[in-house]
Amino acid sequence: MFHVKQTQGTAASPSFDDTPLAHELADLSARRRALDTARVSFSGPTRVFTISNQKGGVGKTTTTVNIASAMAHLGARVLVIDLDPQGNASTALGVPHSADVASVYDVLINEESLESVIQVSPESPQLLCAPSTIHLAGAEIELVSQVAREHRLRTALDIYLNDNDVDIVIIDCPPSLGLLTINALTAATEVFIPIQCEYYALEGLSQLLGSIRLIQKHLNPQLHLSTILLTMFDGRTRLAQQVADEVRSHFPDAVLDTVIPRSVRVSEAPSFGQTVISYDGQSAGAVAYREAAVEIAQRAMAGDDSSEQKVSN
């Protein structure tokens, strides 16, 4: 039998319960329990979000699909419109989007109805997707000569919402300020910006805010910046906290309290054609996205006008 002898004057090693990992696991467990008892309502008019950021690699599409999935699992009927020619949102939702599939391209260019291209995600009957295909890559050029080119998505969406019951619409944009993004901003009522907690986080943001102001003035006066979500947060670094503090100081009413941590599970999920909510719903990344969805819904329930951040000079 082995005996552990403690040398006089040497402190005993802390138990596992006192380690940072143990505290982190206990916190995650408590957050899971809180989510299980969270109550939200999706009554009221349809909310239409455009998720946009001119900087690539900030978690824009990841945020689109995971917020949509989390909302659907909370009971909302959610429509994702994939306006990015890469079609990553369609992939993550498990929706076919090969070249021969009816897509948003047909809605914008051929004036097909939005209803005719929408598919149900295998993840949930509450989760719908209007997919992107490779044809959308040429839509920027083709839209130039179209009548009412900035309003084509809005017109199609209005017709669809008149006949269909949807609580949330989330539009995923390409990382550019072309006509696809302008269509998205014209169709939406709310702008949702994911911001990466890294050095170049605010790069290009002023350009996006300028574009929002122009859309407000000329095309869509109802548009407002309602939500900012901090993504890829690494609490071990001082830089991440500094970026978070800076963003909160500029947009105190729009930034969600929830932050999305860096997560292997979040990165893995799309390769399986899934959101992280369905891939590993108890992981830290999934819990964070579920918390963000609850926070967005509860802000609306509270009628918190402070969540509307007007963009002004």
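This text goes with the structure placed above it.
What you are looking at is a predicted structure, and each value in this text was computed from that prediction instead of being measured.

Draft legend 1. The pattern of salt bridges, seen in detail. In total, this model carries 11 salt bridges according to the counting rule given. Among the salt bridges present, the one from Arg262 reaches Glu198, with a minimum N-O distance of 2.1 Å. Highlighted residues: Arg262 in the loop between strand S8 (255–261) and helix H10 (264–268) and Glu198 in the loop between strand S6 (190–196) and helix H8 (205–218), separated in sequence by 64 residues. With a relative accessible area of 46%, Arg262 lands in the partly exposed category. According to the relative accessible area criterion, Glu198 is partly exposed, its value standing at 32%. A salt bridge links Arg265 to Glu268, with the shortest nitrogen-to-oxygen separation between them at 3.0 Å. Of this pair, Arg265 and Glu268 both sit in helix H10, three residues apart, roughly one helical turn.

Draft legend 2. Local environment of empty space enclosed by the protein. The final tally for this structure, using the stated rule, is two cavities of 30 Å³ or more. As a volume, the second largest cavity reaches approximately 30 Å³. Within the residue set of the lining of the second largest cavity, elements represented by two or more residues are strand S1 (47–51) and helix H2 (60–73). Of the residues belonging to the lining of the second largest cavity, the class tally is seven nonpolar, no polar and no charged.

Draft legend 3. Examining the packing of helix H6 (residues 152–163) against helix H7 (residues 179–187) more closely. The interhelical angle for the contact between H6 and H7, taken along N-to-C directions, is 40°, at an axis separation of 7 Å. Regarding the angle of H6 to H7, the classification is oblique. Here H6 and H7 pass one another in a crossing that is right-handed. Mapping the contact onto sequence places Arg152, Leu153, Arg154 and Leu157 in H6 and Asn183, Ala184, Thr186 and Ala187 in H7.

Conventions and cut-offs
- Residues numbered from 1 in each chain as written.
- Predicted model: local features only at pLDDT ≥ 70, side-chain atom pairs only at ≥ 80, totals over all residues.
- Heavy atoms only, no water.
- Salt bridge = Lys/Arg side-chain N within 4 Å of Asp/Glu carboxyl O.
- Helix = DSSP H or I, 4+ residues; strand = E, 2+ residues; numbered from the N terminus.
- Buried < 20%, exposed > 50% of the residue type's maximum accessible area, 1.4 Å probe, protein only.
- 1 Å grid on protein atoms, 1.4 Å probe; cavity = no way out; pocket = protein on both sides within 12 Å on 5 of 7 lines; lining within 4 Å.
- Points joined across faces, edges and corners; volume = space filled by probe spheres on them.
- Nonpolar A, V, L, I, M, F, W, Y, C, P; charged D, E, K, R; others polar.
- Axes fitted to C-alpha atoms, helices over the stretch in contact; angles between N-to-C directions.
- Parallel < 35°, antiparallel > 145°, perpendicular 65-115°, else oblique.
- Left-handed = near helix turned anticlockwise from the far one by under 90°.
- Contact = heavy atoms within 4.5 Å.

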